[in-house]
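# Chain and residue survey
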Amino acid sequence: IWRVQILLLLTLFLCVLACLFGGLWIQGFFRQRRPGEPPLDKGWIPWLGHVLEFRRDTAKFLQRMTQKHGDVFTIQLGGFYVTFLQDPLSFGAFAKESREKLNFNAFSRQLLARVFGYVGFTTDHSILEATSQKHLKGHGLQIMTESMMSNLQNLMLHHLGSCENQKSWKEDGLFNYCYNIVFRAGYLALYGNATTQTEGDEEKARINDRTESEILFHEFRKYDQLFPNLAYGVLTPKGRREANRLTNENKENVSGWIWDMYHMRREEGMKELMIDRYMFVLLWASQGNTGPSSFWLLFYLMKHPDAMEAVRNEVLKVLKESGQEVRPGGPLVNLTHEMLMKTPVLDSAVEEVLRLVAAPLLTRSVLQDMTLKMADGREFLIRKGDRMAVFPYIAVHIDPEIHPDPFTFKYDRFLTPEGTKKTDFYKGGKRVRYYTMPWGSGVSMCPGRFFATNELKQFVFLMLVYFDFELMNPDEKIPHIDHQRWGFGTMQPDREVQFRYRLRY
Ligand code: HEM
């Protein structure tokens, strides 16, 4: 009998060993670099690989890896093997590769399911593309921009001329102020205003918009602060409950962009709860970056009086040319879509700010074994099942060869001597086509980029025209970037900056 027992135990032991071995095999534990593949760095923790260091400070970690391995390398990150491409001259190979090989949807579906609990249709991305084409470009963009302006006016100028105003200085945190205004105006422009039942109700509706958007902003910020942890799947259960509660908020009176996306899903039979979750995805994608960007824009302008002066002069010139004038008791001035096309200096300042603070991590799933062809002729084999990623912030945004003195804000960096948009940037004597990538690139390139740029410009315009504003401490140091957020778009500062503002009229 004991022989049978030993045999059984041995069989059991072998089975456990086989399962363990199989499991480790599947997780890529025994993976070795094959000839023709990029350098492989698995890190010393099984399965997790380098994920902890990567999460702690993505930029610093990738800089270290680039120094160690060169501009292409594969690292293990939380069960995935990710090949990073850090040569900007070869970015075309990433951005333009076919969807059959490098696929964004597969990656984004996984992310949306984990972070937002959203499980969508396979047609989701084509719906997004079609709707964005219609509403975030051309005539649709014009309508959205007009709506943004009237919402900004409601939020920023409702005290104008009232005795409440008294033109006294108000002190606030600059980050909070900018994020609050731009978030709320953007939200109202996309998700619609309160309805007016009868004539004369307009003022009530405007008050309603102000109050409700304020509540939403505070709820949104709770989620926003949770986000980096959500994306990497390490959120506490309490945090997840809170996030779910917020994604279930109901919205009414939506804009064309949101309306179409909502109704197409309804027509396809998607459950209401799931649509609500998608509506929250769109809220996050559309409002999570523009507010923080507006903070940096205003902050850098305040720190660089020459830039502020140049932008102010341009704004006043455009205003004058449009035949508008700011005067006490006069009609509100408006920065129309047409006027927005005539501001190369402000455009350059916006691009420069995004170069400094937008740091997305662009990721694709590798659906087929493929060869990565570099600009200098090198070739690398990439395995099916892996991921590929590009982190343009260190590869281009702060490369001193492409952008000399990269940590200094130069408002005219993207201007030619003739005052038009500059697009010529070089590395090693070769022209760099992807000289900044705040909006990502290729299939997943931000569909809201034109609207976002308009929002930023409109906000700065109203600040310059209607307000005096200054930093409480003129020697204020530039805040550090909050390292937790690398990879998600616009970075947030690690601390608040105090400023004061007052209405001029
Ligand atoms: C300064 C502001 C903004 C920045 C820096 C920004 C940046 C980005 C980036 C880098 C991506 C691509 C992510 C990737 O490839 O994985 C993205 C995607 C996206 N953005 Fe923006 N964005 C901004 C504002 C907006 C606005 C205002 C909207 C909508 C009106 C918007 C809607 C979206 C959507 C829907 C996606 C997902 C695209 C897809 O799945 O293909 N964004 N954004």
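Residues numbered from 1 in each chain as written. Predicted model: local features only at pLDDT ≥ 70, side-chain atom pairs only at ≥ 80, totals over all residues. Heavy atoms only, no water.

## A short note on the overall build of the protein
Within the protein one finds 18 helices and 13 strands. The C-alpha atoms of the protein give 25 Å as radius of gyration, which agrees with the globular expectation for 505 residues (23 Å, within 12%). By principal-axis analysis of the C-alpha atoms, the protein measures approximately 100 × 55 × 40 Å. Of the roughly 24400 Å² that the protein leaves accessible, carbon and sulfur atoms contribute 56%. Measuring between centres, the 63 positive side-chain charges of the protein sit 6 Å from its 58 negative side-chain charges. (Helix = DSSP H or I, 4+ residues; strand = E, 2+ residues; numbered from the N terminus. Rg over C-alpha atoms; globule rule 2.2 N^0.38 Å. Areas by Shrake-Rupley, 256 points an atom, 1.4 Å probe, with all protein chains shown as cover. Lys, Arg positive; Asp, Glu negative; His and termini not counted. Charge placed at Lys NZ, Arg CZ, Asp CG, Glu CD.)

## A closer look at the side chain of Asp224
Structurally, the position occupied by Asp224 is in helix α9 (residues 202–231). Overall, Asp224 belongs to the buried group, its relative accessible area being 1%. Among the polar contacts listed, one links the side chain of Asp224 to the side chain of Arg221, at a separation of 2.7 Å. Here Arg485 takes part through its side chain, which lies 2.8 Å from a polar atom of the side chain of Asp224. If sequence neighbours within four positions are ignored, Asp224 has contacts with Tyr179, Trp284, Arg485 and Gln492. (Buried < 20%, exposed > 50% of the residue type's maximum accessible area, 1.4 Å probe, protein only. Polar contact = N/O pair within 3.5 Å; in protein donor to acceptor, adjacent residues only side chain to side chain. Contact = heavy atoms within 4.5 Å.)

## Details of the coordination of the iron atom of the ligand
Exactly one protein atom donates to the iron atom of the ligand; that atom is Cys446 (SG), 2.3 Å from the metal. Tracing the backbone through its elements, the reader meets Cys446 in the loop between β11 (430–431) and α18 (449–466). (Donors = N, O, S within 2.8 Å, 3.2 Å for Na, K, Ca; no water.)

## Considerations on the sheet that holds strand β5 (residues 170–173)
In spatial order, the strands read β5-β13-β12; together these 3 strands make up an open sheet with antiparallel pairing. Only two strands of the sheet have a single neighbouring strand rather than two, namely β5 and β12 (467–471). On average, adjacent strands in this sheet sit at an angle of 25° to one another, irrespective of strand direction. Judged from the 4 bridges that link them, β5 and strand β13 (residues 498–503) form a sheet pairing that is antiparallel. Among the inter-strand pairings, Gly173 is bridged to a residue of β13, identified as Gln498. Where α18 meets the sheet, it contacts β12 and β13, and its direction lies at approximately 100° from that of β12. (Pairing = 2+ DSSP bridges. Axes fitted to C-alpha atoms, helices over the stretch in contact; angles between N-to-C directions.)

## Details of the site of the ligand
Taken together, 23 residues are adjacent to the ligand, and His125, Ala285, Pro438, Ser444 and Cys446 come closest. At 3.3 Å from a nitrogen atom of the ligand is found a main-chain nitrogen or oxygen belonging to Ala285. The side chain of Ser444 places a nitrogen or oxygen atom 2.6 Å from an oxygen atom of the ligand. Elements that contribute at least two residues to the shell around the ligand include exactly α6 (124–135), α12 (272–287), α13 (290–303) and α18. No other element matches the 3 residues that α18 contributes to the shell around the ligand. Taken together, the residues of the shell around the ligand break down into 13 nonpolar, 9 polar and 1 charged. (Near = heavy atom within 4 Å. Nonpolar A, V, L, I, M, F, W, Y, C, P; charged D, E, K, R; others polar.)

## Notes on the environment of Gly120
Here Gly120 lies in the loop between α5 (104–116) and α6. Filtering out sequence-adjacent residues up to four positions away, Gly120 remains in contact with Arg109 and Met270.

## Focus: the sheet that holds strand β1 (residues 40–41)
With respect to topology, 6 strands assemble into an open sheet ordered β1-β2-β3-β9-β6-β4, the strand pairing being mixed. Looking along the sheet, the strands with just one partner apiece sit at the ends: β1 and β4 (102–103). Judged from the 2 bridges that link them, β1 and strand β2 (residues 72–77) form a sheet pairing that is parallel. Bridging from a neighbouring strand, Leu40 pairs with Thr74 of β2. Where helix α3 (residues 58–69) meets the sheet, it contacts β1, β2 and β3 (80–85), and its direction lies at approximately 130° from that of β2.

## What about the UniProt feature "binding site: substrate" (unreviewed entry) in the protein?
UniProt's feature table lists "binding site: substrate" (unreviewed entry) at Arg114, Asn289 and Arg387, given in the numbering used throughout. Taken together, the annotated residues stretch across 274 residues and extend over separate regions, lying up to 24.8 Å apart by C-alpha. Residue position: Arg114 is located in helix α5. The class for Arg114 is partly exposed, based on a relative accessible area of 38%. Within the element layout of this structure, Arg387 appears in strand β9 (residues 387–390). Look at Arg387 and you get buried, because its relative accessible area is 11%. (UniProt positions renumbered as here; feature names shortened; annotations may be inferred.)

## Considering the packing of helix α14 (residues 305–321) against α18
In the contact formed by α14 and α18, the axes pass within 10 Å of each other and the chain directions differ by 90°. It follows that α14 is roughly perpendicular to α18 by the angle criterion. In this structure, α14 uses Met308, Val311, Arg312, Val315 and Leu319 to contact α18, whose residues at the interface are Val460, Phe461, Leu464 and Val465. Tallied by class, residues from the contact of α14 with α18 come to 8 nonpolar, no polar and 1 charged. (Parallel < 35°, antiparallel > 145°, perpendicular 65-115°, else oblique.)

## Here's the deal with the pattern of salt bridges
Counted by the stated rule, this structure contains 30 salt bridges. Taking the shortest distance from any N to any O, the salt bridge between Lys427 and Glu401 comes out at 3.5 Å. Taken together, the residues Lys427 in strand β10 (residues 426–427) and Glu401 in the loop between α17 (392–397) and β10 connect sequence positions 26 residues apart. A single salt-bridge network, built from bridges that share partners, covers Asp71, Asp376 and Arg378. (Salt bridge = Lys/Arg side-chain N within 4 Å of Asp/Glu carboxyl O.)

## Quick notes on the packing of aromatic side chains
In this structure the tally under the stated criterion is 35 aromatic pairs. The interplanar angle of 10° and the centroid separation of 5.0 Å between the aromatic rings of Tyr300 and Phe409 together place this pair among those described as stacked. Here Phe409 lies in the loop between α17 and β10 and Tyr300 lies in helix α13, a separation of 109 residues in the sequence. For the pair shown, Tyr300 and Phe409 are each scored as buried. Sitting above the plane of the Tyr278 ring, Arg265 keeps its charged end 3.7 Å from the centroid. (Phe/Tyr/Trp six-rings, centres within 6.5 Å; stacked < 30°, edge-to-face > 60°. Lys NZ or Arg CZ within 6 Å of the ring centre and 35° of its normal.)

## Some words on the side chain of Arg184
Residue position: Arg184 is located in helix α8 (residues 174–191). A relative accessible area of 7% means that Arg184 is categorised as buried. A distance of 2.9 Å separates the side chain of Arg184 from the backbone oxygen of Arg210, its partner in a polar contact. A polar atom in the side chain of Arg184 sits 3.2 Å from the side chain of Glu214.

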